[in-house]
Amino acid sequence: MTIARIENDEGKAGLSRRMLLRAAGLAALAGLSACATAVLPTGEGAGISASATGTLAGIRASAGLAPLLPDPQLERAALQQAGYMARGGRMNHTTGWGKDFASRVKDNGIAGAAAENIAEGRFDQQKLFDIWVHSPGHRRNMLDPRFTRFGLAYVRDGRDSTLRYWCLVLGR
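The text that follows walks through the structure, step by step, so that each part is easy to find.

**Re the overall build of the protein**
- In terms of helices and strands, the protein carries 6 helices and 5 strands.
- Going from N to C terminus, the protein has its helices and strands arranged as α-β-α-β-α-α-β-α-α-β-β.
- A burial count over the protein gives 35% of its 172 residues as buried.
- The contacts of the protein with a sequence gap of at least 6 include a subset with a gap of at least 24, amounting to 71%.
- Surface summary for the protein: the accessible area is close to 9900 Å², and the carbon and sulfur share equals 59%.

As structure tokens, then:
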């Protein structure tokens with residue numbers, strides 16, 4: 001009788017463990033599917049460095065600095081960050097995967113000094129630079145004499161095409 005009782009208890013324990021594991025697996029799947037649906041759609045994006053060359057040249061000339069040259073590698077990095085922000089639905093220098101600016105620069109093969117300006121809003125490129133020029137930290141980045149190249153890009157929010165996530169990456 002004691003043996004039968006132990007076997008029954010073991011059977012119940014095995015069943016309970018199976019049910020617990022199954023419930024945990026279903027909870028994990030539900031969590032993963034919730035993560036998948038939480039990703040915001042990303043709208044169209046564009047690297048637009050060439051169109052900003054004159055604006056940045058004017059900003060730098062006012063401080064006696066040489067103009068910056070558009071750079072495809074920095075533009076790709078800027079477009080990547082703008083896409084991260086659009087998918088996350090928020091302006092942030094760190095991606096949803098915890099990658100900060102330094103790790104993204106390294107991953108994109110950018111060597112030497114670099115800086116990043118970001119913005120989120122319903123404004124065009126001219127207004128974007130007006131905002132950055134009047135912000136001490138953003139202005140300091142654009143006027144840093146170490147920088148010779150830049151990349152500018154934006155990605156539109158997939159739910160609101162008037163909302164853009166902007167990124168300017170500056171480097172040598």
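Moving on, there is more to tell.
**Some remarks on the packing of helix 2 (residues 49-61) against helix 5 (residues 125-133)**
- Running from amino to carboxyl end, helix 2 crosses helix 5 at an angle of 25°, the nearest separation of the two axes being 11 Å. One finds that helix 2 runs roughly parallel with respect to helix 5. In the crossing of helix 2 with helix 5, the sense of the turn from one axis to the other is right-handed. Listed contacts from helix 5 to Ser51, Ala52, Thr55, Leu56 and Ile59 of helix 2 are Gln125, Gln126, Phe129 and Val133.
- By residue class, the composition of the contact of helix 2 with helix 5 is 5 nonpolar, 4 polar and no charged.

**Side note on the pairing of strand 4 (residues 149-157)**
- The element strand 4 is largely enclosed, with a buried count of 9 among its 9 residues.
- Sheet analysis places strand 2 (residues 69-70) next to strand 4, joined by 2 bridges and oriented parallel. Directly across from Pro70, in strand 4, lies its bridge partner Phe150.
- Sheet topology note: the strand 4/strand 5 (residues 164-171) ladder contains 8 bridges and is antiparallel. Of the residues in strand 5, the one forming a bridge with Val155 is Tyr165.
- Linking strand 4 to strand 5, which pair antiparallel, is a turn of 6 residues.

**With respect to the nonpolar core**
- Phe129, Leu152 and Leu168 are the most contacted members of the largest nonpolar core, which has 22 residues in total.
- Of all the secondary-structure elements, those providing two or more residues to this core are helix 2, strand 3 (114-121), helix 5, strand 4 and strand 5.
- Sequence-distant contacts of Phe129, that is, excluding residues within four places in its chain, are made with Ala52, Thr55, Leu56, Ile59, Met142, Leu152 and Leu168.
- Within the second largest apolar cluster, 16 residues are counted, among which are Met85, Ala86, Ile110 and Cys167.

Reading the values: the criteria
Residues numbered from 1 in each chain as written. Predicted model: local features only at pLDDT ≥ 70, side-chain atom pairs only at ≥ 80, totals over all residues. Heavy atoms only, no water. Helix = DSSP H or I, 4+ residues; strand = E, 2+ residues; numbered from the N terminus. Buried < 20%, exposed > 50% of the residue type's maximum accessible area, 1.4 Å probe, protein only. Contact = heavy atoms within 4.5 Å. Areas by Shrake-Rupley, 256 points an atom, 1.4 Å probe, with all protein chains shown as cover. Axes fitted to C-alpha atoms, helices over the stretch in contact; angles between N-to-C directions. Parallel < 35°, antiparallel > 145°, perpendicular 65-115°, else oblique. Left-handed = near helix turned anticlockwise from the far one by under 90°. Nonpolar A, V, L, I, M, F, W, Y, C, P; charged D, E, K, R; others polar. Pairing = 2+ DSSP bridges. Core = buried A, V, L, I, M, F, W, Y, C linked by side-chain atoms within 4.5 Å.

On their own, these measurements won't tell you what the molecule is for.
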